[in-house]
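# Descriptive structure summary
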Amino acid sequence: MALDISVERSADAAELADLINRVYADAEKGLWQPGTDRTNTAEVDSVIRAGELAVARLDGAVVGAVRVQRLADGEGEFGMLVASPEHRGVGIGRELVAFAEGWARAAGSPVMQLELLVPRTWTHPVKEFLRDWYTRLGYREVRRDPFELAYPVLQPRLATDCDFVVYHKEL
Ligand SMILES: CC(C)(COP(=O)(O)OP(=O)(O)OC[C@H]1O[C@@H](n2cnc3c(N)ncnc32)[C@H](O)[C@@H]1OP(=O)(O)O)[C@@H](O)C(=O)NCCC(=O)NCCS
């Protein structure tokens, strides 16, 4: 598998926004009001321009992405992690997380953070899979915040009460 991952500053924002929205529409089914997109072309464009979007390509075609950031307090963070539904289970997600961790380490971050949106009163199979996988990768829950406190403006778009679970891993 000729998988290539790099931070791309001239990637196609519309193509990536479409992939991210397509993946999240399925992965976060039941959490959001119908018609709520995870992102849009303008937001992805600004992430690309900031040099924060790593793109995975398989023989040149986009098959995944992850947003990498250095937070104000020096921690690294990754988000918007997606693997194309047509290429699941072949290691793209694992390679993207490894890339993000290497990126943060190179930027001098001692810790990597990620946030997981989870329903408060029921279990979501995708989120259960992610919790187990991130735990296998060495991530530990450090905080759980009610979504409405973290992002009050977005609360009306939720379809069910949710929490933001924050995970950390020492790099
Ligand atoms: C999370 C995601 C990026 C993983 O991508 P992927 O390329 O399919 O994953 P990988 O092939 O790298 O496998 C990741 C892990 O899942 C396991 N896995 C993959 N497919 C599996 C399957 N069908 N059943 C059980 N486990 C599976 C792998 O064994 C691996 O675990 P390991 O690292 O302990 O060996 C992908 O599922 C996705 O896009 N999900 C929706 C978006 C999302 O929820 N993103 C995260 C937001 S925080």
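The structure this text deals with has already been given above.
Structural notes, computed from the coordinates.

What counts, and at which threshold
Residues numbered from 1 in each chain as written. Predicted model: local features only at pLDDT ≥ 70, side-chain atom pairs only at ≥ 80, totals over all residues. Heavy atoms only, no water. Helix = DSSP H or I, 4+ residues; strand = E, 2+ residues; numbered from the N terminus. Buried < 20%, exposed > 50% of the residue type's maximum accessible area, 1.4 Å probe, protein only. Contact = heavy atoms within 4.5 Å. Near = heavy atom within 4 Å. Polar contact = N/O pair within 3.5 Å; in protein donor to acceptor, adjacent residues only side chain to side chain. Areas by Shrake-Rupley, 256 points an atom, 1.4 Å probe, with all protein chains shown as cover. Nonpolar A, V, L, I, M, F, W, Y, C, P; charged D, E, K, R; others polar. Phe/Tyr/Trp six-rings, centres within 6.5 Å; stacked < 30°, edge-to-face > 60°. Expected span 1.5 Å × (residues − 1).

With that out of the way, let us pick up the environment of Val-118. Note on placement: Val-118 falls in strand β5 (residues 111-119). Accessibility expressed as a relative area gives 11% for Val-118, which makes it buried. Considered as a pair, Val-118 and Ala-98 are 20 residues apart in the sequence and their alpha carbons are 23 Å apart. Ignoring any residue separated from it by four or fewer positions in sequence, one finds Val-118 in contact with Lys-127, Arg-144, Asp-161, Cys-162, Asp-163 and Val-165.

The environment of the ligand is formed by 19 residues, the closest being Leu-81, Gly-91, Gly-93, Arg-94 and Arg-136. Separating an oxygen atom of the ligand from a side-chain N or O atom of Arg-88 is a distance of 3.2 Å. In this structure, Arg-136 approaches the ligand through a side-chain N or O atom, which is 2.7 Å from an oxygen atom. For the ligand, the protein covers 72% of the area, taking 950 Å² as the surface of the free molecule. Mapped onto the shell around the ligand, the elements with two or more residues apiece are α1 (13-27), β4 (76-83), α3 (92-106) and α4 (125-136). Partitioning the shell around the ligand into residue classes produces 13 nonpolar, 3 polar and 3 charged.

Counting across every chain of the model gives 9 aromatic pairs. Residues Phe-129 and Trp-133 carry aromatic rings whose centres are separated by 6.1 Å and whose planes lie at 10 degrees to one another, so their mutual orientation is stacked. Here the residue Phe-129 and the residue Trp-133 both occupy positions in helix α4, the gap between them amounting to 4 residues, near one helical turn. Overall, Trp-133 belongs to the buried group, its relative accessible area being 13%. Members of the aromatic cluster, connected to one another through ring pairs, are Phe-78, Phe-129, Trp-133, Tyr-134 and Tyr-139.

Before going further, it helps to spend a moment on the side chain of Asn-21. Looking at the element boundaries, Asn-21 is found in helix α1. If sequence neighbours within four positions are ignored, Asn-21 has contacts with Asp-37, Arg-38 and Thr-39.

Another point: α1. Here α1 spans 21 Å end to end across 15 residues, near enough to the 21 Å set by a 1.5 Å rise per residue. Elements in contact with the buried residues of α1: α2 (41-49), β2 (53-58), β3 (61-70), β4 and α4. You can read the cap of α1 off the contacts: a side-chain oxygen lies 3.1 Å from the backbone nitrogen of Ala-14, and it is on Asp-12.

So, to be careful, I would describe these as geometric facts and stop short of saying anything about function.
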